[in-house]
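# Descriptive analysis of the structure
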Amino acid sequence: MKTNLGAMELSELEEYFESIGEKKYRARQVFQWIYRGIDSFDEMSDIPATLREKLKESAEISALKVLDCKISQTDGTRKYLFELPDGNMIESVFMKYKFGNSICISSQAGCRMGCVFCASGKNGLSRNLSAGEMAGQILEVQKNAQEKINHIVVMGTGEPFDNYENVSAFMRIVNHEHGLNIGMRNITVSTCGIVPRIKSFANDFPQANLAVSLHAPNDAMRKKIMPIANKYPYDELISACKAYTEKTGRRITFEYTLIAGQNDDGQYADELAAKLQDILCHVNLIPMNPVSELSLAPSAREKAVQFMKRLRKKGIATTIRRELGQDIEAACGQLRLSKFSSLSPCSTQCEHGIIR
Ligand code: SAH
């Protein structure tokens, strides 16, 4: 089997070159080529032809194949469907904002967290993505859209903290000056609340941004819609978030998807405000995006505005997320393990105690 150089950090690439009897500095040259977005060893013009041939024999830069790209008629958002070398399929979303270009990447093929309102977990988890497959989404979108990406949100399909090591390697690669050179402050990772990883993230990436999917003001309600709440109690989650803000000095974003008649009543805004009272935070309300097989409905706009006002009145900075790409099912929670995938989802017990 060929070694996939695209999944390696620079230090790993250096080890690889030494292991095949080559000079260490070749690693940096190859690393730079990969993140300039080249497709073949032949394009690496400062690598001698003999070494290029040697690399072709033993290594590859396995690229993602763009299978489909849908462009929103309302806001220009693009949703990409990629095929991975093993036939799995994943999606990414490219969005243009006033502050720059942003990409929402997937961290897993499928998801095993089972949040009831989200399409991404409907077929369970197929597998984790490698660091290279996460970075590859950015390289392919940059090439396809002919745009440079400045911001990354790890909010596509998958739970990033269920694939922590690979997500960490991915962040180091894209942040590296010879990689994509994207600042940690321009990277946001969103978790459903895997408490031990929130602690690791505060230590490992104090300059990156963290978003936590809360979606409820208490344990009882959270357990009904997010199975992960059975594993990590609400109070533990809130304490970990508070510790994160104290360690990093960074404001945490709490995501709260508003589901009609479930969690959108004004009293829940008050309850939530009380829980978040002394945390450096911001609440981002997301009126639930429609997912075809669900009977749940999004809260009305007026209800969302009321909820926001009530939180603000209690001193909690709150906004309503501007959802892009809804017409192409590219908005939050609408990405899924593609129904065209031929692989069956795995149904193992996960370390967080969720059985799918
Ligand atoms: N696993 C990560 C990333 C998921 S997607 C996490 O849970 O945070 C990013 C956000 O979209 C999460 O807050 C997620 O709960 C939310 N989301 C999922 N389904 C949604 C839907 N149908 N409408 C609105 N937001 C949704």
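The structure displayed is predicted, hence computed values, not measured ones. (Residues numbered from 1 in each chain as written. Predicted model: local features only at pLDDT ≥ 70, side-chain atom pairs only at ≥ 80, totals over all residues. Heavy atoms only, no water.)

Another point: the site of the ligand. In the neighbourhood of the ligand, 18 residues make up the surrounding shell, with Phe117, Ser190, Ser213, His215 and Asn289 lying closest. Serine 190 is positioned with one of its side-chain polar atoms (N or O) 2.6 Å from an oxygen atom of the ligand. For the ligand, whose accessible area on its own is 530 Å², the fraction buried by protein is 97%. Of all the elements in the fold, those that place two or more residues in the shell around the ligand are strand E10 (187-191) and strand E12 (252-258). A per-class count over the shell around the ligand returns eight nonpolar, eight polar and two charged. (Near = heavy atom within 4 Å. Polar contact = N/O pair within 3.5 Å; in protein donor to acceptor, adjacent residues only side chain to side chain. Areas by Shrake-Rupley, 256 points an atom, 1.4 Å probe, with all protein chains shown as cover. Helix = DSSP H or I, 4+ residues; strand = E, 2+ residues; numbered from the N terminus. Nonpolar A, V, L, I, M, F, W, Y, C, P; charged D, E, K, R; others polar.)

For isoleucine 279, the position within the fold is in the loop between helix H9 (266-276) and strand E13 (281-287). Taking the C-alpha atoms as reference points, isoleucine 279 and arginine 251, 28 residues apart in sequence, are found 8.3 Å from one another. Sequence-distant contacts of isoleucine 279, that is, excluding residues within four places in its chain, are made with Ile238, Lys242, Thr245, Ile252 and Phe254. (Contact = heavy atoms within 4.5 Å.)

Summed over the entire model, instances satisfying the criterion amount to eight aromatic pairs. A centroid spacing of 6.0 Å and a plane angle of 15° characterise the contact between tyrosine 80 and phenylalanine 82, whose relative ring orientation is stacked. Residue classification places tyrosine 80 among the buried residues on the basis of a relative accessible area of 0%. Geometrically, the ring pair formed by tyrosine 97 and phenylalanine 99 is stacked, given 4.8 Å between the ring centres and 10° between the ring planes. Overall, tyrosine 97 belongs to the partly exposed group, its relative accessible area being 26%. Note on phenylalanine 99: relative accessible area 53%, which makes it exposed. Through successive ring pairs, a cluster of aromatic residues spans Phe161, Tyr164, Phe201 and Phe205. Above the plane of the ring of tryptophan 33 lies arginine 36, whose end atom (NZ or CZ) is 4.3 Å from the centre. (Phe/Tyr/Trp six-rings, centres within 6.5 Å; stacked < 30°, edge-to-face > 60°. Buried < 20%, exposed > 50% of the residue type's maximum accessible area, 1.4 Å probe, protein only. Lys NZ or Arg CZ within 6 Å of the ring centre and 35° of its normal.)

Per the counting criterion, the structure on display carries 18 salt bridges. Salt-bridge contacts for aspartate 42 lead to lysine 56; the nearest nitrogen and oxygen are separated by 2.9 Å. Separated by 14 residues along the polypeptide, aspartate 42 in the loop between helix H2 (25-36) and helix H3 (49-58) and lysine 56 in helix H3 bring together distant segments of the chain. Here aspartate 42 falls in the partly exposed class, since its relative accessible area comes to 44%. Note on lysine 56: relative accessible area 28%, which makes it partly exposed. Between arginine 127 and aspartate 86 there is a salt bridge, with its nearest N and O atoms 2.6 Å apart. Taken together, the residues arginine 127 in strand E8 (residues 125-128) and aspartate 86 in the loop between strand E4 (78-83) and strand E5 (89-97) connect sequence positions 41 residues apart. The partly exposed category is assigned to arginine 127, whose relative accessible area is 22%. For aspartate 86, a relative accessible area of 37% corresponds to the partly exposed category. (Salt bridge = Lys/Arg side-chain N within 4 Å of Asp/Glu carboxyl O.)

Within the secondary structure, arginine 222 sits in helix H7 (residues 219-225). Salt bridges are absent for the buried arginine 222, whose nearest opposite-charge side chain, aspartate 219, sits at 5.8 Å. (Lys, Arg positive; Asp, Glu negative; His and termini not counted.)

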